[in-house]
Amino acid sequence: GKNAYYFAHAHKANGPKWDGKAEPKLLMKQSVSTEDAMKESIKRAPSFHYSKSNITSYAFLNEDKVVKLYITMDGVGEKCTDDDIQLDYDEMSFSLVVKNFKEEDQCLSFGKLTAKIVEAKYKLKPNKIILTLKKEKEGVEWHTINDKGTPDHELV
């Protein structure tokens, strides 16, 4: 309307007066007990370390009780043993690390799955690793493995 300019410019900033310096200025300190801070960090971060995924191609199968990932890795059964494979998970994420397959450790990680899981396990086959994620709720349809709506890896 005809008064929009005055409305938009009539409100004054209620922050501190600018000191003319470009550096950020601390406006307020708030103490948080270390116990509360620990609870927050536990809520946000999984209990295991994530690596950047360099396994980018896998087959995905949604079943009633589980979700399976078929990760093709030629010769993985000969080059690797169970000691070379590390699988960590919590209810909303997992990280699979395969050592001694290539020069660089091979990794597939998801920080936010489509839905909660209660178990993750793998089977080492001659030319692939089959990863099985047990769903918390049976019958929940997973269209992708992660919760971003679109997969960030190539599905085969």
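That block above? That's the structure.
This one's a predicted model, so the numbers in the text were calculated from it and none came from an experiment.

Quick notes on unusual backbone geometry
Moving on, step 1. Even without glycine at this site, Asn 100 takes up a positive phi of about 65°.
Moving on, step 2. Position of Asn 100 relative to the elements: it lies in the loop between strand S4 (93-98) and strand S5 (106-110).
Moving on, step 3. According to the relative accessible area criterion, Asn 100 is exposed, its value standing at 53%.

Description of the pairing of strand S2 (residues 66-72)
Moving on, step 1. Of the pairings in the sheet, the one linking strand S1 (residues 57-62) to S2 comprises four bridges and is antiparallel in character. Paired with Leu 61 across the two strands is Lys 68, which belongs to S2.
Moving on, step 2. Hairpin connection from S1 to S2: three residues lie between these consecutive antiparallel strands.
Moving on, step 3. Where S2 lies against strand S7 (residues 128-135), seven bridges are found, and the strand directions are antiparallel. Paired with Thr 72 across the two strands is Lys 128, which belongs to S7.

Comments concerning a positive patch on the surface
Moving on, step 1. Taken together, the side chains of Lys 65, Lys 121, Lys 123, Lys 125, Lys 128 and Lys 134 define a basic patch exposed on the protein surface.
Moving on, step 2. Looking at the positive patch, the elements with two or more residues in it are strand S6 (117-124) and S7.
Moving on, step 3. For Lys 128, the location among the structural elements is in strand S7.
Moving on, step 4. The class of Lys 128 is partly exposed, set by a relative accessible area of 33%.

Examining the sheet that holds strand S3 (residues 85-90)
By way of backbone hydrogen bonds, the strands of a sheet pair with one another, either parallel or antiparallel.
Moving on, step 1. The three strands lie next to each other as S3-S4-S5, forming an open sheet whose pairing is antiparallel. Looking along the sheet, the strands with just one partner apiece sit at the ends: S3 and S5. Looking at each pair of strands side by side, their axes are set apart by 5° on average, direction ignored.
Moving on, step 2. Two elements, S3 and S4, share six bridges in a ladder whose sense is antiparallel. Within the sheet, the bridge partner assigned to Gln 86 lies in S4 and is Val 97.

Observations regarding the pattern of salt bridges
Moving on, step 1. Tallied over the full model, the rule gives two salt bridges.
Moving on, step 2. Among the ionic pairs, Lys 116 bridges to Glu 91, the shortest N-O distance being 3.7 Å. Here the residue Lys 116 occupies a position in the loop between S5 and S6, and Glu 91 occupies one in the loop between S3 and S4, the gap between them amounting to 25 residues.
Moving on, step 3. Overall, Lys 116 belongs to the partly exposed group, its relative accessible area being 34%.
Moving on, step 4. Across the pair Asp 105 and Lys 99 runs a salt bridge whose closest N-O atoms are separated by 3.2 Å.
Moving on, step 5. Owing to a relative accessible area of 32%, Lys 99 belongs among the partly exposed residues under this scheme.

The rules behind each value
Residues numbered from 1 in each chain as written. Predicted model: local features only at pLDDT ≥ 70, side-chain atom pairs only at ≥ 80, totals over all residues. Heavy atoms only, no water. Helix = DSSP H or I, 4+ residues; strand = E, 2+ residues; numbered from the N terminus. Buried < 20%, exposed > 50% of the residue type's maximum accessible area, 1.4 Å probe, protein only. Pairing = 2+ DSSP bridges. Patch = residues over 30% accessible without salt bridge, like charges linked within 9 Å, V, L, I, M, F, W, Y side chains within 5 Å. Areas by Shrake-Rupley, 256 points an atom, 1.4 Å probe, with all protein chains shown as cover. Salt bridge = Lys/Arg side-chain N within 4 Å of Asp/Glu carboxyl O. Lys, Arg positive; Asp, Glu negative; His and termini not counted. Charge placed at Lys NZ, Arg CZ, Asp CG, Glu CD. Axes fitted to C-alpha atoms, helices over the stretch in contact; angles between N-to-C directions.

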